[in-house]
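Structure at a glance
Chain by chain, the residues run as shown.
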Amino acid sequence: MSKNWYSDLPQYYQRQIKAMGLDEAGMNRRRMLKGMAGAAGLGLLGLNTRQAHAATQMTYMCWEGYNDPRIIDPFNKANDTEISFDLIVDSPGGFAKLQAGASREVDLVSSDMPWITRMGPAGLAMELNPDDYTEVYADFYDQFKPPFEPLMNEGKTIGVATRWGWVGPCINTDVTKPEVWKTYDPVFDAANKDKICVMDWGDWPILPMALHAGINPYEPLDEKQLNEVRLVLRAMFKNTRTLVGDLTQAQKGLLDGSLLGCIGAGSYLTSAVRKQGHKNILAIVPEPKNGLKQGIIWVEATAVLKETDQPELAQKLLKHVVSKDAAHALALLDSTCNVVTNKAVESVFTPEEKDILQMDYMWHAYDNSQMHRVAPNIDEMLAIWQEELAAAQ
Amino acid sequence: MDMEVSRIWRDPELWVKALPSVILQTTCFLAPLVMTFILTFQKTQNFQLNWTWNLATWTDVFTKPHYWTILGHTLFMALACVVVCIVIAFPIAYGLATRFRAYDSEIKVLITFAFITDATLKTFGWVLFLDKKGAANYLFAHLGLPQETVAFLFSDWATLLGMVYNLLPFAIFTIYLSIDNIERSLILAAYDAGASKFRAFWEVTLPLSRPGIWAGSVLIFLLGVGVFLEPKVLGGGKSPMSAELIRQTFETRVNWPLGAALTLVLMVVAIFVVLLFSRVAGMRKAGA
């Protein structure tokens, strides 16, 4: 027996729907939800007639910045679409929302790569055929061209990398030297007590500390290794001045010199300050330690939802987001600036923009970093974080 | 008396009148609460909610001491906030209600403004003031005091300051209303009976303003156990309170059953503390 959009409803309503012919009118749950959302939206917004005339409505779950009008407006104009946004404030939250049912309404998602990767086994992401993206990948840096293992699930590509950066110490060169940060040792130096800031962004500060302890967090860990992670976090909390969740707080501390260094962040934090002219703020990666690369490359990626009712248009939007002009806008937002995966954008960057993005440093950072992907024991490490934080009170 | 109560319960008009409230409470409070409780008996696997009945979450809650450490810290901070707020709010409310009666309307408007000013804005304002390179240290340095005289940002003291600052209007408003409603003739009668100003205050004004103090205390305590911004922004995140723990569990760990269990624990403990205090307050009142 086939399942349709109204089969969960009581029998009475199912009969009514059949009687009204709605079951054969191409109506489905997604369209009904979108129609309801659209109607409600129009009602609330006082009937914005320009938007109401768009032929197709789409929903895009993404970080702030991907919704920049410079990126979206040309697509809407060219395709007669109206895109509504579901802005995420953290990747796990976005993933949980999709799993809780938002996948029925969302067409496209841009999020942190591990969470895009997780969409594969969770059955949320549509498998992409790299052959359909030949033109897109032609402009990409080789490092992100298929087969790009971190974005593959059982040999199938499930997303396209959009922008990236590196996780490493963020410093103010007026108060410290990059040479000092060739390792994470300054984080634990008693002389730096109350001068270290840790970004409280889920796994972001945990993974570099694990690497510093000689543990590769991207491999399955045993109890002994998890205990090493516990010890290094305990030591880190001893010297920490503050854990911040807000970029501006860390940026302010770095700028005024009250913080010597910030860990658990990287180019995502420093670039916006550099855009304001503070070129003394740098994101660097430590040197490899005992053969283990200490930096982390974070990547944001975009995937098409399996349940989208507009797969072609959603893929078109995906291709648009990584296109040269859109990627240029995405690289230089007001809130954060980051390098993108599209190499062709280099030709439109000014020298000043390249300097903001530390493009002369990016491949050094890449070569000395792990690629951020799903860490098998991340939940245990997050639990350890909570325990050690409570114990440090 | 019993017959009267029984008659009231049989009154259909009462039921009709109560129905909207009952429906609202059931759908908006009771049903989500039951759902939250049910959620605690499920588990998450690969960041996905798995509807398998088990007691793993509750075992985790009752065997990991750090949840209780954070809860204890939360209760302590909320109670400290209540004490400080009441101590500061009472003289302010008393002064406003007795000495500045001519400006009654203006005062109420000003207190209302305190409620509608964004707490995020006010809290971040304190960071700019208290920071090592902030306005306070800048002023002290110009007065010849040592560098970084004010150095308690990112500590529990800063968290408490933020909590008191943001929650104080609740105490001022409730106590102010309570004092404002005291019959002036009762105080005058005390004076006529020979009471000194202090004795009239102690034996008439203070007991009669107790409902305001109590209402303010409960309000501040319940809001205090749920604070999220102050420990994060002013406390530096190093002494997390329960709300942050719950947020981390729901959002970062995507462990909804554990988040739901921690939420319920916080609710139950907070209600228990309020009931305990109301009982103690009631006993003292009866004793008096």
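Residues numbered from 1 in each chain as written. Chains lettered and ligands numbered in written order. Predicted model: local features only at pLDDT ≥ 70, side-chain atom pairs only at ≥ 80, totals over all residues.

Side note on the nonpolar core
Core analysis: the largest hydrophobic core is formed by 163 residues, its most contacted members being A:Ile116, A:Cys262, B:Cys81 and B:Cys85. Both of domain 1 (11-162 + 300-335) and domain 2 (166-298 + 354-391) of chain A provide at least three residues apiece to this core. Apart from the residues lying within four places of it in its own chain, the contact partners of A:Ile116 are A:Val109, A:Ser111, A:Ala125, A:Leu151, A:Ile158, A:Gly159, A:Ala301 and A:Ala303. (Core = buried A, V, L, I, M, F, W, Y, C linked by C-beta atoms within 7 Å. Buried ≥ 20, exposed ≤ 12 C-beta atoms within 10 Å, placed from the backbone. Domains from an automatic or database assignment. Contact = placed C-beta atoms within 7 Å.)

Let's talk about the sheet that holds strand E8 (residues 196-199) of chain A
Strand pairing in a sheet is mediated by backbone hydrogen bonds. Such pairs are either parallel or antiparallel. Residue and element names in this part refer to chain A. Here we have 5 strands laid out as an open sheet, ordered E9-E8-E10-E7-E11, and mixed in their pairing. Edge positions in the sheet fall to strand E9 (240-244) and strand E11 (281-283), since each has one partner strand and no second. Each strand of the sheet is rotated relative to its neighbour by a mean of 20°, with strand direction disregarded. In this structure, E8 lies alongside strand E10 (residues 261-263), joined through 3 bridges in parallel fashion. Note that in E10 the partner of Val198 across the bridge is Ile263. Where helix H11 (residues 267-275) meets the sheet, it contacts strand E7 (170-172), E10 and E11, and its direction lies at approximately 150° from that of E11. (Pairing = 2+ DSSP bridges. Helix = DSSP H or I, 4+ residues; strand = E, 2+ residues; numbered from the N terminus. Axes fitted to C-alpha atoms, helices over the stretch in contact; angles between N-to-C directions.)

Notes on the environment of B:Gly235
Tracing the backbone through its elements, the reader meets B:Gly235 in the loop between helix H12 (229-233) and helix H13 (242-252). Those residues in contact with B:Gly235 that sit more than four places away from it in its chain are B:Phe154, B:Ser155, B:Asp156, B:Ala158, B:Thr159 and B:Glu230.

Thoughts on the interface of chain B and chain A
Counting from both sides, the interface comprises 23 residues of chain B and, opposite them, 28 residues of chain A. Within the residue set of the side of chain B that touches chain A, elements represented by two or more residues are helix H4 (65-98) and H13 of chain B. For the side of chain B that touches chain A, the class distribution of residues is 7 nonpolar, 9 polar and 7 charged. (Nonpolar A, V, L, I, M, F, W, Y, C, P; charged D, E, K, R; others polar.)

Quick word on the domain arrangement of chain A
Residue and element names in this part refer to chain A. By domain assignment, chain A separates into domain 1 (11-162 + 300-335) and domain 2 (166-298 + 354-391). On the side of domain 2, 9 residues touch domain 1, which itself brings 11 residues to the contact. Sorting elements by how many residues they give to the side of domain 1 that touches domain 2 places helix H6 (residues 113-119) first, with 4 residues. Partitioning the side of domain 1 that touches domain 2 into residue classes produces 5 nonpolar, 3 polar and 3 charged.

Notes on the packing of helix H6 (residues 119-130) of chain B against helix H8 (residues 156-180) of chain B
All names here are of chain B. At a closest axis distance of 10 Å, the pairing of H6 and H8 adopts a crossing angle of 140°. In terms of axis orientation, H6 runs oblique to H8. When the axes of H6 and H8 are compared, the crossing they make is right-handed. Side by side, H6 and H8 meet where Ala119, Lys122, Thr123, Trp126 and Leu130 of the first sit next to Ala158, Leu161, Gly162, Tyr165 and Asn166 of the second. (Parallel < 35°, antiparallel > 145°, perpendicular 65-115°, else oblique. Left-handed = near helix turned anticlockwise from the far one by under 90°.)

Observations concerning the confidence of the model for chain B
All names here are of chain B. Of the residues in chain B, 95% reach a pLDDT of 70 or more, and the chain-wide mean stands at 89. Confidence, expressed as mean pLDDT per element, reaches its minimum in chain B at helix H1 (residues 2-10) with 67 and its maximum at helix H3 (residues 56-63) with 96. Listed scores for the predicted complex are pTM 0.84 and ipTM 0.84. (pLDDT = per-residue confidence, 0-100.)

Here we look at the pairing of E9(A)
Residues and elements named next belong to chain A. Across the 5 residues of E9, 5 count as buried, placing the element largely inside the fold. Bridge analysis of E8 against E9 gives 4 bridges, and the strand direction is parallel. Each residue of the ladder has a partner; that of Cys197, found in E9, is Thr242.

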